[in-house]
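# Structural features, examined
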Amino acid sequence: MDDLSWTGIFTHGFIRFWPVWLALVLTFAVSIRYRRRLALYGKLFDSTVGMIGFAFVMFWVFTALFAGMIITHDPLVQLSGMKNALPGAAVKSPAEGSYPWYLLGGDNLARDVFSRMVMGAREVLKIAPAATVFAFIMGITLGLPAGYFGGRLDTFLSFLANLVLAFPVILLFYLLVTPEIVETGIPMYFAAVLFLFPVIFFSVLLNSRFHPNPPRRNLYVGAVLVIGLWAYLGLAFNLDPTGVFAMDPNLLNVFVSVVFVNAPGVFRIVRGLVMDIKARDYVAAGQTRGEGPWYIMLWEILPNARGPLIVDFCLRIGYTTILLGTLGFFGLGVSPESPDWGSTIDDGRKLLSIYPHAALVPALALMSLVLGLNLLADGLREESLRD
Amino acid sequence: MENWDPTKPILEIENLSISFFTRLREIPAVMDFSCTVMAGEAMGLVGESGCGKSTVALAVMRDLGKNGRITGGSIRFKGRDLTRMSDEELRHIRGSEIAMIYQEPMASLNPAMKVGAQLAEVPMIHQGMGRAQALALARQIVADVRLPDPDRILQSYPHQLSGGQQQRIVIAMALMAKPALLILDEPTTALDVTVEAGIVDLVKELGRKYGTSMLFISHNLGLVLDVCDRLCVMYSGEAVETGKIEDVFAHMRHPYTQALFRSIPLPGADKNARPLISIPGNFPLPHERPKGCNFGPRCDYFETGRCNVTAIPMSTVPEGDRHESRCLKWSEIDWDAPPAARISREKRPFGPVVLRMDDLKKYYNVSTGAFGGGATKVVKANETLSFEAREGETLAIVGESGCGKSTFAKVLMGLETATAGQIMLFDENVQSTPIQKRGADTISKVQMVFQNPFDTLNPSMTVGRQIIRALEIFGWGDSDTDRENRMLELLDLVKLPRAFADRMPRQLSGGQKQRVGIARAFAGGAKVVVADEPVSALDVSVQAAVTDLLMDIQRENGTTLLFISHDLSIVRYLSDRVMVMYLGHVVEMGTTDQVFAPPYHPYTEALLSAVPIADPRVTRERIVLEGEIPSAMNPPPGCPFQTRCRWKSQVPGGLCDREMPPVRDLGAGHQVKCHLTAQILDTMQPVIRIAAE
Amino acid sequence: MFFFLLRRIGVMILTALALTFVVFYLTNLPPNLEKLAKSEASARMTDDQVDSWLASNGFASPVVQRYGEWLGVVPGWTGTTSDGRPTGRCYNRLPKDAEAPRYCGILQGDWGWSTVFKQPVTEILARSLGHTGWLMLWVMIVMVPTALLIGVLSGMREGTITDRVLSTFSIATTATPEYVSGVILIAIFASATAGISPWLAEHGWISGKTLFQGTATSAMDKITFWNFALPVMTIALYGIGYIARMTRASMTEVMTQQYIRTARLKGVSFRDVVLKHALRNALIAPFTVIMLQFPWLLNGVVIVETLFNYKGFGWTLVQAAGNNDIQLLLACSVVAVFVVLVTQLISDVGYVFLNPRIRLG
């Protein structure tokens, strides 16, 4: 086989992504068709910026989903003669039925850069959104009462939040994401606190809504508690007997640190929004009919703060992706073999001035995902401000 | 511009059409609008929100924003067409020839610039004046708008001034270049009534002094009557009637104008004998206007096949001066016939006392200084409040901002607990029971209707769901179906279609939202309802309907209504007894007749005089209060009203400065908190007189 | 104003104490100390030997006490070595015959000894902060005016082509973290095989192999455009996007305010509306943002210094953290926390000065 020209690389690369293109076309066709019925999500398709951002984001989401079908080689396997191979290089003595090229070249360990990039998307999209969700639940659960009650509680929580925010992120990572820390079990304590928040959040959410109807309340809150605590034991302490919920200690550490860094930002936003919304008459109406404070916070205030929160959520996934990349860039946390983009950039930068492709490919991938998220957030903000 | 003939109109708007362009469609905001303003004339532009009156003003300034465009017609100012002017030409006219005054004084002043600099800018731009000279002129104009201590004012930032002072600065800014035309867009809506009265007087006087023509935009007919010579009534983007104030007020020739006047509470209206007549239906949305006459679907004189066929032009009404009406049938209608729909009702006797307050006090501790640390101060929000309310009675609580009426509502509802005193609700003492400790039964019996219709409903919950939630909380019904049915009944009660149950609040108009708010308050069969300015944010024609609804429900259920308001017209119309509050004190209390007739408390007297009344037969004595309402943080010593009282000199020995006046009973339960002797009180003249018909 | 400052400084000191304690605690965790013992004494020590080494070097006392010693509010530990000489925290590296002081923490100016560089921490810090100072200076000079200009230009007429172009540019730069933009910039401008350098060299327009230098090591001796432009641009780009977006948001908001309409309808020209009426109000928010950017700029500094091998503060921090150099890492943390808190204070105070609406009690 001959090496591919740039046109060849593009054509073959494009073809490899066929499941993604198909899924994208379907998503857009359906969404645009029914956009008038889809509230804010539908309005997104009125904004060019939002649509471009959404396309970028969904491209990577589908890539992560169909990664198994897209990759051309095993991202961990090294093929002889392919060390630092240039993009489009033909595989020397390919095995029967294997893909004949390294589409985007090989890295310094002779692994396929293309496949590592595709698998990297899966790594990144596994952690970043989940960590952001947890950061949001934590930030919301603490930000609501801080903004609503004010006073000492607010002073105390705000002090804590500012404490974390004043910590240079990179220092925090160097202190928290080390094998020594895993040894001491500190991440587990953090996780024990952190993973409790979703359980608290959802039980309080349902309890405040259904307490006038005890049987239904007991059913809903009971279900949340059973599933929540089961997952809690598994994720935080690795004590799930069935093994459905478990997390690698290294990954747990990274996860917890990222949530920890993000939660205070969410806290501040939620607190500000609550202070604004709590002066509305419908909150007073809730109070005058004797609603409890948590019902008012969770059902009267929170749904009406959703606009800015959704926008921030998109931005924050991008930020989290950057943070994860930073961790990888410094070789912290995740395993060295991992194809995640940050670590790959770190691997590639040693030979950057001679063979830039190994670092450039994941760098551009990460950039396009974060750019997509930013554009999406911008589109959402613009559309939610309209009318 | 020098060769302009002063006998020609200053402003001539001809067949003006304005549209806003959105992504989906073109929304016509103003259609075929014409009006003429002569030199020194004050023209009123009246209509409900969304009728396009502010758009006309902005079009004159040629400041319609990115989406707005003039699609037809001309605006001639001193004979020159503004719609064809370049930006540079416009810039020379803006501020020097035409000036504008806006609704929100705080928002219209630059927060980061000293008042002096903002004022001096105008002559510096237009007359090339030097800075020192411009500041000297600014000082003179500031004195002209009757602001005390002009030097200090010029050196202050806008936030250091009160709302009334800010509005005076905005007026001063408009007058800096002695413009030929002044546009005032709801200049007093954000202000308290007594402050408003001062501003209105000032505007009138300055208009006369400088010979300025005015375009005065307002939703308040009374205010327009006070200020203007001519008016133009707008409805849904069109002028429907225009003419001299006297002609239009006394001999209106358009059904909308007539309906508008019938729906506002003028002296003589009475909730039982002569109830208001609300305009049926709703204001059409700009893109859902009917064919033919826009007012057709709501008009009593509507004739299918005639009114809904083609666009209707303005036609001249021969009697009167330049009096025009956009109605095909104006010459056929008998304008003097009494309204057919008026049904007078029986007055219902009051029941037993359901609510009694004894010497209620509510103090707050407030720390001064923006960042804490300063000394704490006690704010006396309510002082020795005592009254009782009977079943089926309407008690109005009247006062301007900061008088403590909202605090009083909070204490009654249990959102705050009283500092001292007693509240007897039915047969329970609730003064120190916060709402969390009250039983569902007590809570559901005392409910509240809120002021702002756009704020009263949770925007992300359906209307039905919100009512059902109230039912759930009050423990009403045994099953979801029960509550569902009850919710639908409640929608019937407030005269909303049942289909509204599944709507989101944003799909409802202001009046409809307010109805849902009322339904929610009555969900648990409330016996006492606190209505905090329930109609003040609504358009005039909707106000009557919502007020009527409240009265109907009250009549049926024997509800006790505590009606908080600053609007004395509506209070006079619907209340049985009135309580006037000032800075946390009840200064006067009595039946409606007692309070609205002399002897008055000096504050009540000023308040009555300040409220504009849209009836040319009514003459008012003008009493303009000097100064601002003192802050509740820092009340004056002695009588709270002494800083603004015009009767103060009648009390010997400076008693007002030193001592809080006692509560005195003037007979038949009429209480006044004043030092004035009975002899002096008896000499008081009525503020409002209605000329005999 | 005075009380406000006092309060803010009080909170700041409290924050600094809390943060340094957290850092102290995390760097002095048993596994770290064990690693320290093994690297300082012998890699093949048994657990007992480690314990006794730690005990004889003052690491046995409770962590709060050791924190106090490090801070300099608790007397330093003392003991005797196996050969009978007195030893202790304050005995190390004393000149001959000098009396050991009782306290020797950072408050006394004793920042400890770096195990990696075999030098006093203060010396290393002074040198590396000097390098980073130059970097930050140039970053600020490039970043702040550019960002504000972009923000004001795009915010002053929302929705125009200029706005669209500039906004897209700022979104793109905020989406590009330093380790990505650094890699891209090097690949384009400083790679011998890719980007524009080979092409330029072919035409003989550049004398060396690459247009810009891929490392900034030489900048530590002499800063030139060719060795410093890439690191400065890398840090500045990210900040430019962020600050420009803030400025734009603030500017567009101000431009829709009623008082801008007042000014316009007074006949003020558009240029003066922007310069005299909008700018000051619009810059209040970005000012605080610029100040609060410092924690993130520090991130950029660490990444860029690592990427370009520039031995400044960030590079030192990475070395200290990577090699378990506890004293140096602690010192770096103190500096970082201090910088962040001081900028926050400046941001608060500046906000009050810029915004006349806030009055101080």
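Residues numbered from 1 in each chain as written. Chains lettered and ligands numbered in written order. Predicted model: local features only at pLDDT ≥ 70, side-chain atom pairs only at ≥ 80, totals over all residues. Heavy atoms only, no water.

## Focus on the overall build of chain A
Which entries qualify depends on this criterion: The helix count covers DSSP runs of H or I at least four residues long, the strand count covers runs of E at least two residues long, and both are numbered beginning at the N terminus. We compute the radius of gyration from the C-alpha atoms alone; for a globule the expected value is 2.2 Å times N to the 0.38, where N is the number of residues. The cut-offs for exposure are 20% and 50% of the maximum accessible area for each residue type, with area from a 1.4 Å probe on protein chains only; residues under the lower value are buried, those over the upper are exposed, and the others partly exposed. Two residues qualify as a contact provided that any one of their heavy atoms is within 4.5 Å of a heavy atom in the partner residue. Note on areas: Shrake-Rupley, 1.4 Å probe, and residue coverage restricted to the protein chains presented here. Working convention for charge: Lys and Arg count positive, Asp and Glu count negative, and His plus the chain ends are omitted. Charged side chains are reduced to one point each, which is NZ for Lys, CZ for Arg, CG for Asp and CD for Glu.
Along chain A, the regular secondary structure elements total 18 helices and 2 strands. Taking 21 Å as the expected radius of gyration for a compact globule of 387 residues, we find that chain A reaches 24 Å, a close match to that expectation. Overall size of chain A, expressed as C-alpha extent along the three principal axes, is 80 × 55 × 40 Å. Put simply, chain A has 387 residues, and 57% of those count as buried. Within chain A, contacts between residues at least 6 apart in sequence are counted, and of these 73% link residues at least 24 apart. When the accessible area of chain A is evaluated, it comes to approximately 16100 Å², of which 68% is carbon and sulfur surface. Positive and negative side-chain charges of chain A, numbering 27 and 26 respectively, have mean locations separated by a distance of 9 Å.

## Let's talk about the interface of chain A and chain C
Here is the rule we go by: The term buried area denotes the loss of accessible surface (1.4 Å probe radius) that occurs when two parts are joined, taken as the sum for both partners. By salt bridge we mean one thing: a side-chain nitrogen of Lys or Arg within 4 Å of a carboxyl oxygen of Asp or Glu. For this analysis, a polar contact is any N or O atom pair within 3.5 Å, provided that within protein one partner can donate a hydrogen and the other can accept it, and provided that sequence-adjacent residues contribute only side-chain to side-chain pairs.
Facing 46 residues of chain A, the contacting portion of chain C comprises 51 residues. Between chain A and chain C, the buried area comes to about 4000 Å², and carbon and sulfur atoms account for 78% of it. Across the contact surface, chain A and chain C share 1 salt bridge. For the salt bridge of A:Asp378 with C:Arg245, the shortest nitrogen-to-oxygen distance reads 2.9 Å. Where chain A touches chain C, the interface holds 5 residue pairs in polar contact (both at pLDDT 80 or more).

## Looking at empty space enclosed by the protein
Residue and element names in this part refer to chain B. Selection rule: Residues are said to line a cavity or pocket when one of their atoms sits within 4 Å of a point; the points come from a 1 Å grid over protein atoms alone, cavities being sets where a 1.4 Å probe fits but cannot get out and pockets being open sets with protein on both sides within 12 Å along at least five of seven lines. Grid points are joined across faces, edges and corners, and a volume is the space filled by probe spheres set on the points. Classification used: nonpolar for Ala, Val, Leu, Ile, Met, Phe, Trp, Tyr, Cys and Pro, charged for Asp, Glu, Lys and Arg, polar for all others including Gly.
In total, this model carries 14 cavities of 30 Å³ or more according to the counting rule given. Estimated volume of the largest cavity: approximately 140 Å³. Lining the largest cavity are Lys271, Asn272, Glu346, Lys347, Arg348, Phe350, Gly392, Met551, Gln554, Arg555 and Asp576. The residue inventory of the lining of the largest cavity, partitioned by class, reads 2 nonpolar, 3 polar and 6 charged.

## Quick look at the packing of helix 11 (residues 270–292) of chain C against helix 14 (residues 326–354) of chain C
Residue and element names in this part refer to chain C. For clarity, the threshold we go by: To obtain an axis, a line is fitted to C-alpha atoms, over the contacting stretch when the element is a helix, and the angle between two such axes runs from 0 to 180 degrees between their N-to-C directions. Any angle that falls under 35 degrees is termed roughly parallel, while one over 145 is termed roughly antiparallel, one within 65 to 115 roughly perpendicular, and all others oblique.
Between helix 11 and helix 14, the least distance of the axes is 8 Å, while the angle of their chain directions is 170°. Classed by the angle they form, the pair helix 11 and helix 14 counts as roughly antiparallel. Only Thr343, Gln344, Ile346, Ser347, Gly350, Tyr351, Phe353 and Leu354 of helix 14 make contact with helix 11, whose side of the interface consists of Arg280, Leu283, Ile284, Phe287, Thr288, Met291 and Leu292. Per-class residue counts for the contact of helix 11 with helix 14 are 9 nonpolar, 5 polar and 1 charged.

## Thoughts on the sheet that holds strand 10 (residues 238–244) of chain B
All names here are of chain B. Stated precisely, the cut-off is as follows: Each pair of strands is called paired provided DSSP finds at least two bridges between the two strands.
Overall, mixed pairing links the 8 strands, which are arranged 6-7-8-3-9-10-12-11 in an open sheet. The open sheet is flanked by strand 6 (98–101) and strand 11 (315–317), the only strands paired with a single partner. Put simply, the sheet's adjacent strands are angled 20° from each other on average, direction ignored. Across 3 bridges, strand 11 lies against strand 12 (residues 323–325) in antiparallel orientation. Within the sheet, the bridge partner assigned to Val317 lies in strand 12 and is His323.

## Some remarks on the packing of aromatic side chains
The condition is simple: For Phe, Tyr and Trp, where Trp contributes only its six-membered ring, two rings pair if their centres lie within 6.5 Å, and the inter-plane angle classes them as stacked under 30 degrees, edge-to-face over 60, or tilted in between. Note on criteria: charge over ring means Lys NZ or Arg CZ within 6 Å of the ring centre, with the direction from the centre no more than 35 degrees off the ring normal.
All chains considered together, the criterion is met by 42 aromatic pairs over all chains. Relative to A:Phe45, the ring of A:Tyr41 lies with its centre 5.3 Å away and its plane at 75°, an arrangement referred to as edge-to-face. Overall, the relative accessible area of 33% leaves A:Tyr41 in the partly exposed class. Judged by its relative accessible area of 3%, A:Phe45 falls in the buried class. Ring centres of A:Phe134 and A:Phe255 lie 5.5 Å apart, and the angle between their planes is 75°; this geometry places the pair in the edge-to-face category. Of this pair, A:Phe134 sits in helix 6 (residues 113–149) while A:Phe255 sits in helix 13 (residues 249–277), placing them 121 residues apart in sequence. Among the aromatic residues, those joined into a ring-pair cluster are A:Phe14, A:Phe17, A:Trp21, A:Phe59, A:Trp60, A:Phe114 and A:Trp341. Directly above the aromatic system of A:Trp299 lies the positively charged group of A:Arg209, at a separation of 5.6 Å from the ring centroid. It is B:Arg69 that lies over the ring of B:Phe21; its NZ or CZ is 4.2 Å from the centre.

## Quick look at the pairing of strand 20 (residues 560–565) of chain B
All names here are of chain B. Cut-off, in case you're wondering: With the strands aimed away from the viewer, a crossover counts as right-handed if its path from the first strand over the helix to the second runs clockwise.
The buried count for strand 20 comes to 6 of 6 residues, which makes it a mostly enclosed element. Where strand 15 (residues 394–398) meets strand 20, 5 bridges bridge the pair, whose relative direction is parallel. Residue pairing across strands places Ala396 opposite Phe563, the latter belonging to strand 20. With 5 bridges connecting them, strand 19 (residues 528–532) and strand 20 associate as parallel partners. Considered in strand 20, the bridge of Ala531 is made with Phe563. Traced from strand 19 through helix 17 (residues 540–557) to strand 20, the parallel crossover comes out right-handed.

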